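Structural features, examined
Take a look at the letters that make up each chain.
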Amino acid sequence: MLLVGLAGCGYVGPVLPPSPMLPQAVTDLTAVERGDQIVIRFSTPVRTTDNLGITEFSSIDLRLGVAGTPFDYDRWAATAARYDVEEPAGTDPDNPLSAVISKTIPARDWVGKRVAVAVRTAVRKNDHYSAWSNRVVLEVIPELAPPVVNTESTAKGVYLTWPSGGADVEYRIYRKSGSENAPLLLGTSKAAEFLDTSSQYETPYEYTVVAFKGSAESLSSQPVPITTVDKFAPSVPSGVTVLPAPNSIEVSWQRSPESDLKGYMVYRSVNDGPYQAMGGMLLVPAFSDRSAEHGKVYRYEISAIDQHNNESARSGPVQVNY
């Protein structure tokens, strides 16, 4: 009977303590002063410290206050302002999902102060909060005005200018073409100007500029559209040389560097007469003048032509007594 009774008893494991239900800490908090607002973003945790899924939150404690040195969370939290954050909707306990929370706070009350931002969450009442998140420290400054951008098409690319925002203000330059869904960051500039050398002719663009100083940035400028047209001639050919030969005068010059080069034109003057084009366009930087006659003085000038038929100025004359 005793053996049968023992055989029917299931194994009883150790009694586990109840879960403290403390969420894991937020680790991706960001904050930036943008225009006249402080913009804060973070993702809610999906699990507790003992790896249980979080289905809903009872509280989200977001605070902003003056950052002391050295920084102490307890002293900071005692005087920091608390801002209401709406708890996200509940999720499936078998597949808990993180929610991205955004909060904007007017910056005017914090101008001139060094502040810290942090957040913690709870899923139970009675102050069962997670540890504080990573903190973000900001030097809050007066609002930076959005740049007013002008664009100009130049031979080297689109040239952007705007009024200076003041000392130590830098700028981020963005460009969007018709085929892109969002503007792309082209680069930054410490001066109130930028040359976009990567722009292409006949392509419509929109440019925007954001001013920034430390952790503060302006709102984006109004988009400025531009479609550039190639009306710029190639550089003037250089290194022109002439070499008399028994039955010709050989003329050569350095190859032009432009990527859209189409060819060259050769102009000749005989005995100080007017210059005339010598036939059609050449594809290579060389010309053999087989119509030259001995006993005459020849001068040659060379121009370059691009794919849009923009012709450069002519090179300086090179003379030969044949």
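If you're wondering where the values come from, they're calculated on a predicted model, not measured in any experiment.

1. Let's talk about a nonpolar patch on the surface
On the surface, Met281, Leu283 and Val284 cluster together into a nonpolar patch covering about 280 Å² of accessible area. Among the secondary structure elements, Leu283 is positioned in the loop between strand S20 (276-277) and strand S21 (286-289). The class of Leu283 is exposed, set by a relative accessible area of 62%.

2. Quick look at the environment of Lys213
The topology assignment puts Lys213 in strand S14 (residues 204-213). In sequence terms Lys213 and Val318 are 105 residues apart; their C-alpha atoms lie 55 Å from each other. In contact with Lys213, other than residues within four places in its own chain, are Ile141, Leu144, Ala167, Asp168 and Val169.

3. What about the confidence of the model for the protein?
Mean pLDDT for the protein: 92, with 94% of residues reaching 70 or above. Across residues 1-8, where pLDDT falls below 50, the model places 0 contacts with residues more than four positions away in sequence or in other chains.

4. Some words on the sheet that holds strand S18 (residues 248-252)
In space, the 3 strands of this open sheet follow the order S17-S18-S21, with antiparallel pairing throughout. The outermost strands of the open sheet, each flanked by one partner alone, are strand S17 (241-245) and S21. Between one strand axis and the next, the sheet turns by 15 degrees as a mean value, whatever way the strands run.

5. Topic: the pairing of strand S10 (residues 157-161)
Sheet analysis places strand S9 (residues 150-154) next to S10, joined by 5 bridges and oriented antiparallel. What sits directly across from Asn150, in S10, is Thr161. Between S9 and the antiparallel strand that follows it, S10, lie 2 residues. Across 4 bridges, S10 lies against strand S13 (residues 193-196) in antiparallel orientation. Note that in S13 the partner of Leu160 across the bridge is Phe194.

6. Some points on the sheet that holds strand S19 (residues 261-270)
If you trace the 4 strands from one edge of the open sheet to the other, you get S20-S19-S22-S23, paired in antiparallel fashion. Among the strands making up the open sheet, the edge pair consists of S20 and strand S23 (318-321). Strand direction decides the pairing type here: S19 and S20, joined by 2 bridges, are antiparallel. Bridging across to S20, Arg268 finds its partner in Gln276.

7. A closer look at the packing of aromatic side chains
Counted under the stated rule, the structure contains 9 aromatic pairs. Ring plane angle 70 degrees and centroid distance 5.5 Å describe the contact between Trp253 and Tyr264, whose orientation is recorded as edge-to-face. On the criterion of sequence distance, the pair formed by Trp253 in the loop between S18 and S19 and Tyr264 in strand S19 is long-range, its members being 11 residues apart. Tyr264 sits in the buried class, given a relative accessible area of 0%. Above the plane of the ring of Tyr129 lies Arg120, whose end atom (NZ or CZ) is 4.2 Å from the centre.

8. A word on the environment of Gly239
Of note, Gly239 is situated in the loop between strand S16 (224-227) and S17. Under the relative-accessibility criterion, Gly239 is labelled partly exposed at 42%. Between the C-alpha atom of Gly239 and that of Pro225, which follows or precedes it by 14 residues, the distance is 40 Å. Beyond its immediate chain neighbours, meaning those up to four positions away, Gly239 contacts Ser252, Trp253 and Gln254.

9. Re unusual backbone geometry
The omega torsion of the bond from Thr69 to Pro70 falls at 0 degrees, within 30 degrees of zero and hence cis. Relative to the assigned elements, Pro70 resides in the loop between strand S3 (59-66) and helix H2 (73-79). If you check the backbone angles, Asn51 has positive phi at about 70 degrees while not being a glycine. Positive phi values are uncommon outside glycine, yet Asn309 reaches one of about 65 degrees. The topology assignment puts Asn309 in the loop between strand S22 (297-306) and S23.

10. Concerning the side chain of Arg120
With respect to the element layout, Arg120 can be found in strand S6 (residues 114-124). Ignoring anything within four residues of it in the chain, the contact list for Arg120 reads Ser59, Ile60, Asp61, Arg63, Tyr129, Ser130, Ala131 and Trp132.

11. Some remarks on the nonpolar core
One finds Leu29, Ile38, Ile40, Phe42, Leu64 and Trp110 to be the most contacted residues of the largest nonpolar core, which totals 21 residues. Taken together, the elements giving at least two residues each to this core come down to strand S2 (37-43), S3, strand S5 (100-106), S6 and strand S8 (136-139). The contact partners of Phe42, leaving out residues within four places of it in the chain, are Val26, Asp28, Leu29, Ile60, Ala99, Val100, Ile101 and Val119. Core analysis: the next-biggest nonpolar cluster, separate from the first, contains 19 residues, Tyr264, Leu282, Ala292 and Tyr322 among them.

Cut-offs used in this document
- Residues numbered from 1 in each chain as written.
- Predicted model: local features only at pLDDT ≥ 70, side-chain atom pairs only at ≥ 80, totals over all residues.
- Heavy atoms only, no water.
- Patch = residues over 30% accessible without salt bridge, like charges linked within 9 Å, V, L, I, M, F, W, Y side chains within 5 Å.
- Areas by Shrake-Rupley, 256 points an atom, 1.4 Å probe, with all protein chains shown as cover.
- Salt bridge = Lys/Arg side-chain N within 4 Å of Asp/Glu carboxyl O.
- Helix = DSSP H or I, 4+ residues; strand = E, 2+ residues; numbered from the N terminus.
- Buried < 20%, exposed > 50% of the residue type's maximum accessible area, 1.4 Å probe, protein only.
- Contact = heavy atoms within 4.5 Å.
- pLDDT = per-residue confidence, 0-100.
- Pairing = 2+ DSSP bridges.
- Axes fitted to C-alpha atoms, helices over the stretch in contact; angles between N-to-C directions.
- Phe/Tyr/Trp six-rings, centres within 6.5 Å; stacked < 30°, edge-to-face > 60°.
- Lys NZ or Arg CZ within 6 Å of the ring centre and 35° of its normal.
- Core = buried A, V, L, I, M, F, W, Y, C linked by side-chain atoms within 4.5 Å.

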